[in-house]
Amino acid sequence: MRPFAWMPWPLRWAARVLTVLLALALVLTGVVVYTVRKSFPQVDGSLRLPGLAGTVEIYRDKSGIPHIYADSAADLFMAQGFVHAQDRFFEMDFRRHMTAGRLSELFGASTLDNDKALRTMGWRRVAEQEVPELAQDTQNYLNAYAKGVNAWISANPNASDRSLEYSVLKLQGGGGTPEKWTAVDSVAWLKAMAWDLRSNVEDEIDRALAATKLPRERVEQLYPGYPYDRHLPIVNEGTVRQGRFDQRAEPRLRAGRALQAAADTLDAVPSTMGAADRSGIGSNSWVVSGEHTKSGKPLLANDPHLSAQMPSVWYQAGLHCRKVSEACPYDVTGYTFSGMPGVIIGHTDRIAWGFTNLGPDVADLFLEQVDGDTYLYKNSRLPLETRQEKIKVAGGKTVTITVRSTRHGPLINEVIPGARPSGEANAVALQWTALTPGRTADAVFALNKAGDWSEFKAAAALFDVPAQNLVYADTSGKIGYQAPGRIPVRTNGDGTWPVPGWTGEYDWNTAPIPYDQLPSVEDPADGFIVTANNAVIDPSRYQPLLTMDWSYGYRSERIRTLIKEALEKGPIDSAAMSRIQQDTHNGFAETLVPALLQVDLAGPSVQARDLLRTWDRAQTPDSAAAAYFNAVWRHLLTLTFDDDLPESARPTGGDRWYEVVRRLLEAPEDPFWDDVTTREITETRDDILRQAMASAHQELADRLGADVKAWRWGDLHQLELVNGSLGTSGIAAVEALFNRGPLPVGGSKDAVDATGWNVQNGYAITAVPSMRMVVDLSDLDLSRWVNLTGASGHAFHENYWDQTQAWARGDLLPMYSSPEAVKKAARHTLRLNP
């Protein structure tokens, strides 16, 4: 008798389908498990690595974090390349395809616009020009790193050997055999880092687009100046004297459419380190002198705010010469980028450093008058520079684009089909410091061997792009701050609006701001330095212009307050630094909550508003008041501004909008309060505040239930870790293989615990503290750290996201660096032999 013959036909059919599905599930499960485990790296025993000069030892702790020990710098970086490839090669390969504008080779036509934008920008072309100009040692280290990556590629010829992603792509007809790694692949990733940490290009476009609907003076209302009277800048002493920044000197007192196409082009450039909503991109770092610490030595904290990626953009590692010498000068532990040798943020055996984005204005949009193959410049028509780019497309025909550039840079409005600009200007060129060769790769290796303040400053001088706030501490007790970077000097203008390119009056000077004139502080009088993307220095004491578009200092001022409060109780320790990193206080609640409580309100929203009366302003995952406050904030912004602004210029939230609304609260009849879509009614401030409270109550009641006390911020504000490539494939089964979460998380966009979200899209987290680190200069083995996900890029590996729960709780893990501590904590030991 045939199976299921006894059943009625519909049931027989359903049973057979179910059996087939179960069989397929079992087969696929077996295939996935086999494929996944086949790509897991060998972490114990020994391997032969041709090209090594001596034996290399790699110790991994329970988190899979490697510490590499070698006798030469070349062996050290070759082994780092091998280890990065073991854990993260698909991420590396994906990144190099992205930076080269070659994603379509992997993913087909769906990424064609991304590739067009990236080919237009020409990141890889710049990297190719940059590598030969780097120091010879840097080139040697990059090549050694590439040898290590290529040794791993040679040892893993099959897709299933490399990672699950390659197996999935192979099923879809993509992937192919990876090319050999090169030094250019590594340097190109620095361009991606610079792009995600660029400054105010979007603000320039948003201003201009807003001006298509509003007069310029109303647009300026949406970009208030930095509140120097309430939020201190980073540097509060010194000025430029005799061609150098002098910490002890005091200053003398001083009395259309092309843009929309450009905006589309910039949107098409994929996010690499940061969220698509860049308003959440930032960082915190601060350093406290030993005069304020329990140990008597400095403490340094850092937590860069980037997108919530799977795997994390960071890879923790230690790079150790067994005997530190001039020939092998490295003993460094910290956060690396897979695909790039060296350590980006961390400490050597004598110094520690951290980064936050300085955010100087290093890019301008020039409006151009193009006619055929020429453009207008100073009353003459000059030929456009042109080149053709051929983009291979998996499953399709090769696409050819023509990239055209003026003296200012590539025409970025030209890569979106059908976008024909109009008006006096008919094209938009991007001038950006990262589109010329630089020496940032040299800076990384110089930082990694620096042993004191002067060597640190010399290394920082090489750091071209992206310009970062660098905080410093060392074992001798010194603390400091240095602003580095290639920052342009403008002939005219302040970089806040697109400017005419044809007149020449807004051109950049040939030379940038000299490094010696950039702000720098060592051992300040108050004993600590705080950077959180706030203004670097008051322009009344410093010229030339760094930027007009800073973060507005809510995080930095909160950190300063918490440090002072902690010091009132006595010297602080690393646990106190960690608690500050976890602070979820909403800095704007002190302004907005009193205004909300003064509004006449009736109905069920009253009970929700009452949550705010006793709220401590903390945005913890279990807070009902935080859920309601943030919902009110969301509706307040959309009700107030969405009717006045084009879609791409509407508020996403964050501290700029804190300052905008702060001022509007004092102007109850300002035109922004009026909803222009209700022509018979002129709304005022209280009307919008009342509607925001009512709309927030209705939204949360629908989503979370009628009991306001049962609402939880973490039920709205959740983190999903999305794989940067296949995690957004649109195929649920594939996405489930690589993505993790969601997790309820506290904080908010401009809390110290900066978990960003976009008011236009809901409450889902778009940017996070991508790692946290606290370095103790009294004993480096007492330092602590955590990554957003884990060391491994292999889905289902035990270290794929094993640090995430600790990260979500605010916990830190031991950051060992001495040979004794590293070996004691080791769970695995691998020896690489020549």
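Preceding this section is the structure that the text describes.
Within every chain, residues take consecutive numbers counted from 1 along the sequence as written. Side-chain atom pairs in this predicted model are given and counted only at pLDDT of 80 or more, local residue features only at pLDDT of at least 70, and totals for whole chains, interfaces and linings cover all residues. The basis for the side-chain values is all heavy atoms of the structure; hydrogens and waters are excluded.

A. Representation of the overall build of the protein chain in the model. Segments assigned H or I by DSSP are reported as helices when at least four residues long, segments assigned E as strands when at least two residues long, and all are numbered from the N terminus. A count of helices and strands for the protein chain gives 25 helices and 33 strands. Taken over the C-alpha trace, the protein chain has a radius of gyration of 27 Å; the compact-globule value for 834 residues is 28 Å, and the two agree within 12%. Projected onto its principal axes, the C-alpha positions of the protein chain cover 90 × 75 × 70 Å. Computed with the Shrake-Rupley method and a 1.4 Å probe, the accessible areas treat only the protein chains shown as cover for residues. A total accessible area of about 31,800 Å² is found for the protein chain, and carbon and sulfur atoms account for 51% of it. To get the radius of gyration, use the C-alpha atoms; to get the globule rule, take the number of residues to the power 0.38 and multiply by 2.2 Å.

B. Region of interest: the packing of aromatic side chains. Think of it this way: a Phe, Tyr or Trp ring, Trp meaning its six-membered ring, pairs with another when their centres are within 6.5 Å, and the plane angle makes it stacked under 30 degrees, edge-to-face over 60, tilted otherwise. For the structure shown, the criterion picks out 34 aromatic pairs. Both rings, one in Tyr141 and one in Phe445, keep their centres 5.1 Å apart while their planes meet at 55°; by these two values the pair is tilted. Think of it in three bands: with a 1.4 Å probe and only protein chains considered, a residue is buried below 20% of the maximum accessible area for its type, exposed above 50%, and partly exposed in between. With relative accessibility at 9%, the residue Tyr141 sits in the buried group. Ring plane angle 15° and centroid distance 4.8 Å describe the contact between Trp314 and Phe337, whose orientation is recorded as stacked. Remark: Phe337 occurs in the loop between strand E10 (331–336) and strand E11 (345–347) and Trp314 occurs in the loop between strand E8 (309–310) and strand E9 (315–321); sequence separation between them is 23 residues.

C. View of the state of the cysteines. The disulfide criterion used throughout: a pair of cysteine sulfur atoms within 2.5 Å. For the structure shown, the criterion picks out 1 disulfide. Linked covalently through their sulfurs, Cys321 and Cys328 form a disulfide whose S-S length is 2.0 Å. Judged by the sign of its S-S torsion, about -85°, the cystine formed by Cys321 and Cys328 is left-handed. Using a relative accessible area of 5% as the deciding quantity, one classes Cys321 as buried.

D. Main features of the sheet that holds E10. DSSP calls a pair of strands paired once it identifies at least 2 bridges connecting them. As summarised here, the arrangement of the 11 strands in space is E1-E33-E2-E3-E9-E10-E11-E12-E21-E22-E24, forming an open sheet in which the pairing is mixed. Two strands in the sheet have a free side with no partner beyond their single neighbour: strand E1 (45–48) and strand E24 (520–522). Recorded for the sheet is a direction-independent mean angle of 20° between the axes of neighbouring strands. Bridge count for strand E21 (residues 468–474) against strand E22 (residues 479–482) is 4 bridges, and the pairing is antiparallel. Bridged to Leu470 within E22 is Gln482. Between N-to-C directions, angles cover 0 to 180 degrees, with each direction set by a line fitted to C-alpha atoms, over the stretch in contact for helices.

E. Inspection of the environment of Val471 at higher detail. Position of Val471 relative to the elements: it lies in strand E21. According to the relative accessible area criterion, Val471 is buried, its value standing at 0%. Residues Val471 and Val521 lie 50 residues apart in sequence; the distance between their C-alpha atoms is 9.5 Å. In what follows, residue pairs with any heavy atoms lying within 4.5 Å of each other are defined as contacts. Leaving out residues up to four positions away in the same chain, Val471 has contacts with Ser285, Val287, Leu300, Ala352, Trp353, Gly354, Phe456, Gly480, Tyr481 and Thr531.

F. Just the packing of helix H19 (residues 624–641) against helix H21 (residues 685–704), in detail. Here H19 crosses H21 at 125°, and the two axes come no closer than 8 Å. With respect to H21, the element H19 is oriented oblique. The two elements H19 and H21 meet at a crossing, and its hand is right-handed. Along the contact surface, H19 presents Ala627, Tyr628, Ala631, Val632, Arg634, His635, Leu636, Leu639 and Thr640, while H21 presents Ile688, Leu689, Gln691, Ala692, Met693, Ser695, Ala696, His697, Glu699 and Leu700. The classification used treats Ala, Val, Leu, Ile, Met, Phe, Trp, Tyr, Cys and Pro as nonpolar, Asp, Glu, Lys and Arg as charged, and all other residues, Gly among them, as polar. For the contact of H19 with H21, the residue count by class is 12 nonpolar, 5 polar and 2 charged. By the definition adopted for this analysis, an angle is roughly parallel if under 35 degrees, roughly antiparallel if over 145, roughly perpendicular if from 65 to 115, and oblique otherwise. Crossing handedness is read from the near helix: turned anticlockwise from the far helix by less than a right angle, it gives a left-handed crossing, and turned clockwise, a right-handed one.

G. The pairing of strand E31 (residues 784–787), seen in detail. Inspection of the sheet shows strand E30 (residues 771–776) paired to E31 by 4 bridges, in the antiparallel sense. Residue Val774 lies in a different strand from E31, and its bridge partner there is Arg784. Summarising the sheet, E31 and strand E32 (residues 813–814) pair through 2 bridges and their orientation is antiparallel. Paired with Arg784 across the strands is Pro814, a residue of E32.

H. Region of interest: the sheet that holds strand E13 (residues 363–368). Taken together, 3 strands build an open sheet; the order of strands is E20-E13-E23 and the sheet is mixed. Both outer strands of the open sheet, strand E20 (427–432) and strand E23 (499–500), are each paired with one neighbouring strand and no more. The pairing of E13 with E20 spans 6 bridges and is antiparallel. Within the sheet, the bridge partner assigned to Leu367 lies in E20 and is Val428. Contacts from helix H10 (residues 201–210) reach E13 and E20, with the element oriented near 40° to E13.

I. Focus on the pattern of salt bridges. Any Lys or Arg side-chain nitrogen located within 4 Å of an Asp or Glu carboxyl oxygen qualifies as a salt bridge. This structure, assessed with the given rule, holds 42 salt bridges. A salt bridge links Glu590 to Arg617; the shortest N-O distance between them is 3.3 Å. Placement of the pair is Glu590 in helix H17 (residues 589–597) and Arg617 in the loop between helix H18 (605–610) and H19, with a sequence separation of 27 residues. The shortest N-O distance in the salt bridge between Glu699 and Arg634 comes to 2.9 Å. Of this pair, Glu699 sits in helix H21 while Arg634 sits in helix H19, placing them 65 residues apart in sequence.

J. Local environment of helix H5 (residues 123–130). Buried within H5 we find Trp123, Val126, Ala127 and Glu130. Taken around the axis of H5, the buried residues stretch over an arc of 100°, which confines them to a single face. Here the arc refers to the set of directions running from the helix axis out to each C-beta atom.

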